[in-house]
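# Working through the structure, step by step
Spelled out, the chains give:
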Amino acid sequence: MASNTIWVALISAGFVFRDAKRQKMPQPLAWTGAVLIFWAAALPWYLWQRHRDKLASTQPCTELS
Amino acid sequence: MKVTNKITQILKHELALLLFLTASCAFYFNPEPVSATTYFGSGPDPLGFIWFLNWRVFSAQHHLPFFFTYFANAPAGTDLSWTTNVLSLGLLTAPLTAKFGAFAVYNGLMLAAPALACWGAYLAAFELTEDYLAALTAGLLFGFSSYMLGQLLDHLNLCFIFAVPFCLWACIAAAKHGWGAWRLGAWLGLGLAFQFGVSQEIFASLVMFAAIAVVVLHILHRAGRSMLRRLLPGMALGLGLSLVLISPLIWDMLRHYADAGRNVAAAKNYSTDLLGFVIPTPIDWLGGNLFKPATKIFQGNYAEEGAYIGLPLLVLLASLVWRNRADPRFSVPGAFAVAAAILSLGPYAHALGHEMSTAPWIVAFKLPFLKSMLPMRFMLYAWLAIAVLLATWLAAPGRKYPRYAALAFCLLFLTPSRAYDRNWTRLTTPAMLTDRGIPPDSRILVLPEYFNEMGYQYESGMNFTLAAQGYLSGGLPDPFAKWPLYRTIFREKYQPYIPMVDPHMLAAFLATYQVQYVVLTGSATDFADSQTQSAELAALLQQAGWTAVRTDADARLYRPAPPQAVPDAAEIEAYMHVQRPENRARAIDYETYWVRSIRSLAHLAGLNAQSLLDIYVAHAHPPLPVSAIEGELW
C-alpha cells in the first residue's frame, strides 16, 4: 500500500514539475518537493495556484478612455 | 515591597499547583477499596514501569548492573538502555519506593503527572501573559488535553512531561528578564536531562520541536529576531549541559544501538488520522462512544490518539489565528501547532485508517534516531502551543466574559470520560509465586503469557528469574524467538496451533534455557475445558515429559518428570529449521485448496484424480514436502 502512495506522489510530482516549468510558475522545484512529501495538500494547492495565475494572465487590460 | 510581591507570586504559583493536584486526584481518585497491588492504568505497560521503579532500588541494594538485568529473558538477559526505564523517576523516588513499594509510588507519579503538566503550562502562560486566570485555564487545557488523557491510560514515561512546558517557561523568562546564557543553560540543561531520564523519545522530539520553534519564530517574528539571537547561546548551552549529564546513558545506548530497532514500533502504524482531529475517541465524554466504530479503525490505539481538538475549538483557533495573523503572539504558536499537527500525520496520511497520501514525516521516518519517534506523540507540542495561544487571547484587553464562555463551550467537547479514563486495575499474583513455593533464584516460565509476569516477579520479591520472557520492551527477544514454537506458546493469537507444536521441541527448548519450573496460570475451569490456552499448554507440557507438582485454584506448577538433558548444538540447529506451526497450518490450508480443486476438475472432466495429483506433487513444487501432503491429506 505504501508503495502505491509513493508511486502516485512520484507521478504527480513529475507532472507538476513539467507543468510548472511550462506554465513558468515560480519555483517549480519547490512545488515538486511539496507534492512529493505532502501530496494530499500540495497538489490541490498547486492546481488552485495554477488556476489563479492563469486567470490573472488572461484578464483583459483596462482600456483608457 | 518587591520582596512582598515576590512572595505573593510564589504563593500564587503554589496555590495553582495545589489546585491542579486537587483536580487530578479528584478526577482520577479510585472509589473502590484499594489493595497493595492496585495500579492506575490498564494493560501490561504499567507493570513494566512498576518493575523499573523497583529495579533502581533492587539493583542498588544487590549491587547489580543499572542498565542490564538477568531477571528477564534469562539466561540471555535484557539490556535496559533502549527501554522505557524511567531512570529519572526511579532515582528520584528510590527512597519512597524502598519504603512504600513500587505500586504506591507508581500510582502517586501517575496522579502527579497531569497536575505537573498543568503547572508547567501554567508557569509558561503566566510568564507570557501575567494573567492568573488565563494561565490557569491554559494549564488545565494542556494537562488534561487529549494527548495527556490518552497517555494517562498506561504510559508513565509519556505523561510525565513537566519538563516540556518547563523548558518553554525558562525560554520565555530568559527573554523577558534578560537572563544570561549560563542561567538559561542551567535551567534548560536540568530540564532536558530530567526529561531524557523519563523518556528518551520525548527528549529527542523536544529538541527537534525547539529547533522548529526557533525557525518559526525567526520567520514570523521579525522584531523578535534579536531576542532570539540572545537566547540561542543559552539554549545551545542547555542542550550541551544535558548531554554531559546524561552521557553515561547515551554511551550505553550507542553501544546497543542495534537493539533499538527491535523495541520500537513502526512510525507509520502510529500516525494521527486526518479525521482524528475532529472525531472524539472513547476517552472523551461527549461522542466518544458514538464514534467508537470509526475511531477503532484509526492507527495506533486510544492511548496514542492525542489529536482530538474538536470542531468548535478548531474553528475558534483558526479564526483567532486568521484575525490576528499579523500579531506574532498568535501567528507563531498557531504556525507551530499546525507544523506539529502535520508532522503527527506520520510518513503517510490516513483517513479512517486508509492510507491516502504521503505526509511530511516521510523525509525523516527512516533516519537514525528520528525513526524511533512515534509521530502521534508530536501532538504534545501542538497542545502546548494551543494552550499558550489561548492564554494570550484570554489575557488580551477587552471584555473577558464572552471569551471564557466561548472557550468553555469548546472545552465541553474535550471533557474527559470519567468511566473510561479513571481506570484502576488489580494485579492478582498466583499464590505459588509469592508464598515461596518456588525455591529462591529459580528460573521459571509463566504461561499463558498475558504480560503480567513482571508484576508477578516484583510481587514475589524478585524471588525468581524469568526464562525467555519478560515484558520490558516491545519486539521478540533473541535468541528465544528463533525457535519455531516461540510465538505459538507465547502469543494468544496463535493458540489454535498449540496442538501442532512438537513436544520434543518444547522439552528441548526448556532444557536449553535450563527452565526449572513452568507455572501455568488458570482456574480449575480453564484447565477442565480442553479448548483453553491453559489446558492446551498443560497437555503439551505433559507430552514433553513435565508433570504437575502443585495445583492451586489459580495456577499449576510443573517440573520435568526425569531431569532432561540439554540438547547438543546440532539438535538445536535442526529444530531451528522446522516450519513454524502456524506456517505449517497455513501451508496445509493452501494445499487442501489445490488438492480439492484438482479433484473437482478431475471429477468434472472424467479424468483419474490420482494421476493428476501425482503430476501436481511432482511438478508444482508445493510448499509442503510431498510426504507431508501425502501423510496429512491423502
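Residues numbered from 1 in each chain as written. Chains lettered and ligands numbered in written order. Predicted model: local features only at pLDDT ≥ 70, side-chain atom pairs only at ≥ 80, totals over all residues.

Broken down by element type, chain A carries three helices and zero strands. Its helices and strands taken in sequence order, chain A reads α-α-α from the N to the C terminus. Per-residue burial for chain A yields a buried fraction of 22% across its 65 residues. Residue pairs at least 24 apart in sequence account for 40% of intrachain contacts in chain A once pairs closer than 6 positions are excluded. (Helix = DSSP H or I, 4+ residues; strand = E, 2+ residues; numbered from the N terminus. Buried ≥ 20, exposed ≤ 12 C-beta atoms within 10 Å, placed from the backbone. Contact = placed C-beta atoms within 7 Å.)

Further remarks concern the interface of chain B and chain A. On the side of chain A, ten residues touch chain B, which itself brings eleven residues to the contact. Among the secondary structure elements, those contributing two or more residues to the side of chain B that touches chain A are β4 (348-351) and β5 (354-358) of chain B. Looking at the side of chain B that touches chain A, the element that brings in the most residues is β5(B), giving four residues. Tallied by class, the residues present in the side of chain B that touches chain A amount to seven nonpolar, two polar and two charged. (Nonpolar A, V, L, I, M, F, W, Y, C, P; charged D, E, K, R; others polar.)

Before going further, it helps to spend a moment on the packing of helix α17 (residues 328-343) of chain B against helix α18 (residues 379-395) of chain B. Residues and elements named next belong to chain B. As a packed pair, α17 and α18 sit with axes 8 Å apart at the nearest point and diverge in direction by 160°. With respect to their mutual orientation, α17 and α18 come out roughly antiparallel. Judged by the twist between their axes, the crossing of α17 over α18 is left-handed. Taking contact as the criterion, the partners of R329, F330, P333, G334, F336, A337, A340 and A341 in α17 are, on α18, M379, Y381, A382, A385, I386, V388, L389 and T392. In terms of residue class, the contact of α17 with α18 is built from 13 nonpolar, two polar and one charged. (Axes fitted to C-alpha atoms, helices over the stretch in contact; angles between N-to-C directions. Parallel < 35°, antiparallel > 145°, perpendicular 65-115°, else oblique. Left-handed = near helix turned anticlockwise from the far one by under 90°.)

When the UniProt feature table is mapped to this numbering, "transmembrane region" (unreviewed entry) covers residues 28-48 of chain A. Overall, residues 28-48 of chain A shows 95% helix and 0% strand. The separation of its end C-alpha atoms is 15 Å. (UniProt positions renumbered as here; feature names shortened; annotations may be inferred.)

Residue and element names in this part refer to chain B. Relative to β5, β4 is paired through four bridges, and the arrangement is antiparallel. Opposite H350, over in β5, you have E355 as the bridge partner. Here β4 folds back onto β5, and the loop between the two strands holds two residues, one of which, L352, carries a positive phi near 50°. (Pairing = 2+ DSSP bridges.)

Take helix α26 (residues 533-543) of chain B next. For α26(B), the complete set of buried residues consists of Q533(B), S534(B), E536(B), L537(B), A538(B), L540(B) and L541(B). Taken from the residues just after α26(B), G545(B) is the one with a positive phi, measuring 95°.

Each assigned domain of chain B is listed with its residue range as follows: domain 1 (2-421), domain 2 (431-576) and domain 3 (581-632). A C-alpha centroid distance of 57 Å is found between domain 1 of chain B and domain 3 of chain B. (Domains from an automatic or database assignment.)

The next subject is the UniProt feature "transmembrane region" (unreviewed entry) in chain B. Residues and elements named next belong to chain B. The UniProt record marks residues 103-125, 132-149, 155-173, 202-220, 232-251, 306-323, 330-349 and 378-396 with the feature "transmembrane region" (unreviewed entry), using the residue numbering of this structure. Spanning residues 132-149, this segment combines 89% helix with 0% strand, and its end C-alpha atoms are found 24 Å apart. Taken end to end, residues 330-349 is 70% helix and 10% strand, and its first and last C-alpha atoms sit 27 Å apart.

Residue and element names in this part refer to chain B. Strand order in the open sheet formed by five strands is β8-β7-β9-β11-β10, with mixed pairing between adjacent strands. Lying at the two open borders of the sheet, with one neighbouring strand each, are β8 (464-466) and β10 (546-551). Looking at each pair of strands side by side, their axes are set apart by 35° on average, direction ignored. The pairing of β10 with strand β11 (residues 555-560) spans five bridges and is classified as antiparallel.

A few words now on the nonpolar core. All names here are of chain B. One finds A125, A138, A340 and A387 to be the most contacted residues of the largest nonpolar core, which totals 188 residues. In terms of residues, this core owes the most to one element, helix α5 (residues 102-129), which gives 19 residues. Taken domain by domain, the makeup of this core includes at least three residues from each of domain 1 (2-421) and domain 2 (431-576). Apart from residues lying up to four places away in sequence, A138 is in contact with A121, Y122, A125, A387, V388, L390 and A391. (Core = buried A, V, L, I, M, F, W, Y, C linked by C-beta atoms within 7 Å.)

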